[in-house]
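Each chain is listed here by its residues.
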Amino acid sequence: MTAPTPLIAGNWKMNGLSASLAEAEAIARGVGDCPGRVAICPPAVLTHQMAEALSGTRVLVGGQDAHWDDFGAFTGDISAEMLADVGAKLVILGHSERREGYRETDEIVAKKAQAALRAGLEPIVCVGETLAQRKAGEALAVVTGQVRGSLPPELAGQAFSVAYEPVWAIGTGLTPTTPEIEEVHRAIRATLVEMFGEAGRAPPILYGGSVKPGNAAEILHADEVGGALVGGASLKAADFLAIVQAL
Ligand code: 13P
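Residues numbered from 1 in each chain as written. Predicted model: local features only at pLDDT ≥ 70, side-chain atom pairs only at ≥ 80, totals over all residues. Heavy atoms only, no water.

*Asks:* How do you make sense of the pattern of salt bridges when you look at a structure like this?
*Replies:* Pairing is possible between side chains of opposite charge, provided their charged atoms come close. Within the structure shown, the criterion is met by 15 salt bridges. Where Glu 180 meets Arg 134, a salt bridge forms, and the shortest distance between an N and an O atom there is 3.9 Å. With Glu 180 in helix H8 (residues 178–196) and Arg 134 in helix H6 (residues 131–135), the pair connects residues that are 46 residues apart, well separated along the chain. Given the relative accessible area of 28%, Glu 180 is considered partly exposed. With its nearest N and O atoms 2.6 Å apart, the salt bridge here joins Asp 223 to Arg 186. Here Asp 223, found in the loop between helix H9 (213–220) and strand E8 (227–230), pairs with Arg 186, found in helix H8; they are 37 residues apart in sequence, far enough to count as distant. Owing to a relative accessible area of 44%, Arg 186 belongs among the partly exposed residues under this scheme. Through salt bridges with shared partners, a single ionic network connects Asp 65, Arg 98, Glu 104 and Lys 112. (Salt bridge = Lys/Arg side-chain N within 4 Å of Asp/Glu carboxyl O. Helix = DSSP H or I, 4+ residues; strand = E, 2+ residues; numbered from the N terminus. Buried < 20%, exposed > 50% of the residue type's maximum accessible area, 1.4 Å probe, protein only.)

*Asks:* Where do I start with the environment of Pro 4 in this structure?
*Replies:* Tracing the backbone through its elements, the reader meets Pro 4 in the segment before strand E1 (7–11). Here Pro 4 falls in the partly exposed class, since its relative accessible area comes to 23%. For the pair Pro 4 and Pro 203, spaced 199 residues apart in the sequence, the C-alpha separation amounts to 6.0 Å. In contact with Pro 4, not counting residues within four places along its chain, are Arg 189, Arg 201, Ala 202, Pro 203 and Pro 204. (Contact = heavy atoms within 4.5 Å.)

*Asks:* Help me understand the environment of Ala 66 in this model?
*Replies:* Among the secondary structure elements, Ala 66 is positioned in the loop between strand E3 (59–63) and helix H3 (80–85). Residue classification places Ala 66 among the buried positions, given a relative accessible area of 2%. Between the C-alpha atom of Ala 66 and that of Gly 120, which follows or precedes it by 54 residues, the distance is 13 Å. Setting aside chain neighbours within four positions, we find Ala 66 in contact with Ile 78, Ser 79, Ala 80, Leu 83, Val 91, Leu 93 and Lys 112.

*Asks:* Teacher, can you tell me more about helix H1 (residues 21–30) here?
*Replies:* Working note: α-helix, 3.6 residues per turn, so residues spaced by three or four point in the same direction. What H1 keeps buried is the set Leu 21, Ala 24, Ile 27 and Ala 28. All buried residues of H1 project into a common sector of 110 degrees when viewed along the axis, lining one side. Considering only its buried residues, H1 is in contact with strand E2 (37–41), helix H2 (47–53), E3 and helix H10 (237–245). Two residues or fewer past H1, Gly 32 is found with a positive phi of approximately 55 degrees. (Arc of directions from axis to C-beta.)

*Asks:* What's the story with the site of the ligand in this structure? I'm lost.
*Replies:* Taken together, Asn 11, Lys 13, His 95, Glu 165, Ala 169, Ile 170, Gly 171, Gly 209, Ser 210, Leu 229, Gly 231 and Gly 232 make up all the residues around the ligand. Between the ligand and Asn 11 there is a distance of 3.0 Å, counted from an oxygen atom to a side-chain nitrogen or oxygen. One of the backbone N or O atoms of Gly 171 is found 2.6 Å from an oxygen atom in the ligand. Computed on the free molecule, the ligand has an accessible area of 310 Å², of which 96% lies beneath the protein chains in the complex. By residue class, the composition of the shell around the ligand is three nonpolar, seven polar and two charged. (Near = heavy atom within 4 Å. Polar contact = N/O pair within 3.5 Å; in protein donor to acceptor, adjacent residues only side chain to side chain. Areas by Shrake-Rupley, 256 points an atom, 1.4 Å probe, with all protein chains shown as cover. Nonpolar A, V, L, I, M, F, W, Y, C, P; charged D, E, K, R; others polar.)

*Asks:* Explain the packing of aromatic side chains to me, please; I cannot follow it from the model alone.
*Replies:* The description of two aromatic rings rests on the distance between their centres and on the angle between their planes. One pass over the structure, following the stated rule, counts three aromatic pairs. Relative to Phe 74, the ring of Trp 68 lies with its centre 6.4 Å away and its plane at 65 degrees, an arrangement referred to as edge-to-face. Judged by its relative accessible area of 29%, Trp 68 is partly exposed. For Phe 74, a relative accessible area of 31% puts it in the partly exposed group. (Phe/Tyr/Trp six-rings, centres within 6.5 Å; stacked < 30°, edge-to-face > 60°.)

Here is the structure:
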């Protein structure tokens, strides 16, 4: 089986106003012929405008979360179908900021992935251990457990990716060593193959957590790293493009 097509996705989190669309347009102008796919996941309210601004470019637009139901009485929530309706192609699910801040369990994340598939969105399912779990030697068990619990069987043969984001590396400037990243990514791959057979070799496994222009090349060329989920450094076109160009 050929290597998964890499994906570099920018997670803008709760950052960006309509003026920030210019940054997204600058990213689209700069991606050139990079060998992977590139996506930006803006705050939900910018999805429509960004999808229109980037239509006809190589940059895809994604959501940062979606509800597990298709519609209904869920004040403040957004369904996967709504994101797809305004031009999103992907959606981040189970980010640690949602697992921690909104008590999202593996079971909830799996239901959200099913909803994303129903809407035709490609899920990017996030997993990752806390510092305490890493210090206790539990990183591999935690991460592979999250993979098993958060990926529903319906993903078999579908386009999706897994993002390994150690909680302690997010927004901190800290990153695991390359061998530590490879160890976790290989364990995720083995779990995907266990769950989905040979089809489990197709999804790219992204790394996320303090990816910057200065460390992107080493991380992106590590074994079983199939791209990156980038937070802070995706907000500035020059930084994000430097990461894309490190592919
Ligand atoms: P930073 O790149 O800002 O560390 O954030 C990573 C992340 O959480 C992407 O989803």
